[in-house]
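# Close look at the chain arrangement
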Amino acid sequence: MTSRHFSVHPRPVRRRTWLAALGALALPALPGLSAAQPGDRAVRYVLPVSAGSGVDIIVRACAPAVGQALGHPVIVDNQPGAGGITGALTLIKSPPDGFTLGMVSNNHVILPSIYKSLPFDPVADITPITVLGTTPLVLVVNPRKLPATNAAALIRLLKASPGRYNYGSSGNGTILHLGAALFVEQSGVRVQHVPYKGTGPLITDLIGGQVDFAVIALPAIQAHLQNQSLVAIGVGSLQRTPALPELPTLAEQGLPDYEINGWFAVVGPARLAAAEVARIHAAWTTAMQTPEVREAMRKQGNVIDPTTPAAAAAFLQSERDKYARIVQGAGITAT
């Protein structure tokens, strides 16, 4: 890699506390929010990530409140694959009627920089509704393979056996790949990259010992940190997360240029009517303010502060431009 510094944090997004469980729940509509009549037709949220990923866990935690605000059942449709292309295509090809929506993350705007040719434009072919917030990304290890509890100890172990160890990611060019590659570059270690088709399979093999370390969103690994099947080395943000207040940042541990966060945005297909955008935005804003969701997001370490649709559109474009520079400097391509 040739780049010295990845700066992967969303400046335009203010933060607060964020998302987690979308199951199929039918709840009464809030007055004035539902353009369609309340009923049994479900609103489908296409997630271009596997079950068990940070986005999946976050979204599923919000299902009751979102369903209540929308006045319709809410279901989650996980469609992982190709770094998010599979799910994105499903969303983009759906009718813009407000009943098929999506939740995307950093990966969505990284895609153009990884693949030479995409069957869609990740910004022009969607309707941004809101960037909901951020979630911590954490460097974790399998303690049976790498018995380290801090960055210095981990770097010593990796440098003592160049090429022996590996790290996993949720796919080539995903934000989890960039997060781990950033650590590898800044620590000067030599390890192998093993890409997976989603966070769920990655976590399974990380616990099983097929891969040695990874950078993963905190909501996806909290239970594994509690039962000590995984050990957290450091958090990627510049500030410690209240969900793990004793865990130092990687910047604190001798990697001052390390900074990376995950973000999540609600989007629809292109040409979604302005009235629908306003209705869906209002529903998510309402849902995020409920005590149950606020507490769930606090426990997961997520920071929620929904943007306006206009701010979301500007943010997605700026993130696309930023990742183009990062990926080019890192020399990462699809394999």
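Residues numbered from 1 in each chain as written. Predicted model: local features only at pLDDT ≥ 70, side-chain atom pairs only at ≥ 80, totals over all residues. Heavy atoms only, no water.

Per an unreviewed UniProt entry, the protein carries the name Tripartite-type tricarboxylate transporter, receptor component TctC and comes from Paracidovorax wautersii.

## Observations concerning unusual backbone geometry
This is how the line gets drawn: Only DSSP runs of H or I with at least four residues qualify as helices, and only runs of E with at least two residues qualify as strands; both kinds are numbered from the N terminus onward.
Of note in the backbone geometry, Ala 82 takes a positive phi value of approximately 55° without being a glycine. For Ala 82, the location among the structural elements is in the loop between strand E3 (74-78) and helix H3 (85-92).

## Observations concerning the packing of helix H1 (residues 54-61) against helix H10 (residues 291-300)
For the record, the criterion: Angular values range over 0 to 180 degrees, each being the angle between N-to-C directions of two axes fitted as lines to C-alpha atoms, with helices fitted over their stretch in contact. Roughly parallel means an angle under 35 degrees; roughly antiparallel, over 145; roughly perpendicular, 65 to 115; everything else is oblique. Handedness of each helix crossing follows the sense of rotation of the near helix against the far helix: counterclockwise by less than a right angle gives left-handed, clockwise gives right-handed. By the convention used here, residues are in contact when the closest approach between their heavy atoms is within 4.5 Å.
Where H1 contacts H10, the two axes come as close as 10 Å, and the packing angle between them is 155°. As the angle between them shows, H1 and H10 are arranged roughly antiparallel. Here H1 runs over H10; the crossing is right-handed. Of the residues in H10, those in contact with Ile 57, Ile 58 and Ala 61 of H1 are Val 293, Ala 296, Met 297 and Gln 300.

## With respect to the pairing of strand E8 (residues 213-217)
This is how it is decided: When accessible area is computed with a 1.4 Å probe and restricted to protein chains, residues below 20% of their type maximum are described as buried, those above 50% as exposed, and intermediate ones as partly exposed. Note: two strands are recorded as paired if DSSP finds a minimum of 2 bridges between them.
The buried fraction of E8 is high, at five of five residues. With burial as the criterion, each face of E8 is covered, one bearing Phe 213, Val 215 and Ala 217 and the other bearing Ala 214 and Ile 216. One ladder, built from five bridges, connects strand E5 (residues 126-141) with E8; its direction is antiparallel. In the strand pairing of E8, Val 140 is matched with Ala 214.

## Focus on the layout of surface pockets
Put simply, the rule reads: Computed over the protein atoms alone on a 1 Å grid, cavities are sets of points where a 1.4 Å probe fits but cannot get out and pockets are open sets with protein on both sides within 12 Å along at least five of seven lines; a residue lines them when it has an atom within 4 Å of a point. Grid points are joined across faces, edges and corners, and a volume is the space filled by probe spheres set on the points. Ten residues, namely Ala, Val, Leu, Ile, Met, Phe, Trp, Tyr, Cys and Pro, are considered nonpolar, four, namely Asp, Glu, Lys and Arg, are considered charged, and the remaining ones, Gly among them, are considered polar. The start and end points of each domain follow an automatic or database-based domain assignment.
As a volume, the largest pocket reaches approximately 430 Å³. The wall of the largest pocket is formed by 33 residues, among which Gly 83, Asn 107, Ser 170, Gly 171 and Thr 174 lie closest to the centre. Contributing elements (two or more residues each) for the lining of the largest pocket: H1, helix H4 (106-114), E5, helix H6 (175-187) and strand E10 (259-269). Class assignment of the residues belonging to the lining of the largest pocket gives a composition of 14 nonpolar, 18 polar and one charged. Split by domain, the lining of the largest pocket shows at least three residues from each of two domains, domain 1 (43-133 + 261-330) and domain 2 (136-253).

## Here we look at empty space enclosed by the protein
Over the atoms rolls a probe the size of a water molecule, and in doing so it shows where empty space is left. A complete count under the given rule lists two cavities of 30 Å³ or more for this structure. Considering only enclosed or pocket space, the largest cavity measures out at about 50 Å³ in volume. Around the largest cavity, the lining residues are Pro 48, Val 49, Gly 83, Gly 84, Val 104, Ser 105, Asn 107 and His 108. The residue inventory of the lining of the largest cavity, partitioned by class, reads three nonpolar, five polar and no charged. If you add up the space inside the second largest cavity, you get close to 30 Å³. Lining of the second largest cavity is provided by Gly 83, Asn 107, Ile 110, Leu 111, Ile 114, Tyr 115, Asn 172, Gly 173 and Thr 174.

## Notes on the pairing of E5
Counting buried positions along E5 gives 16 out of 16 residues, so the element sits mostly inside the fold. In terms of strand pairing, E5 meets E10 through nine bridges, oriented antiparallel. Across the sheet, Val 131 pairs through a bridge with Ala 265, a residue of E10. Note that E5 and strand E11 (residues 303-304) share two bridges and pair antiparallel. The residue of E11 that forms the bridge with Thr 134 is Val 303.

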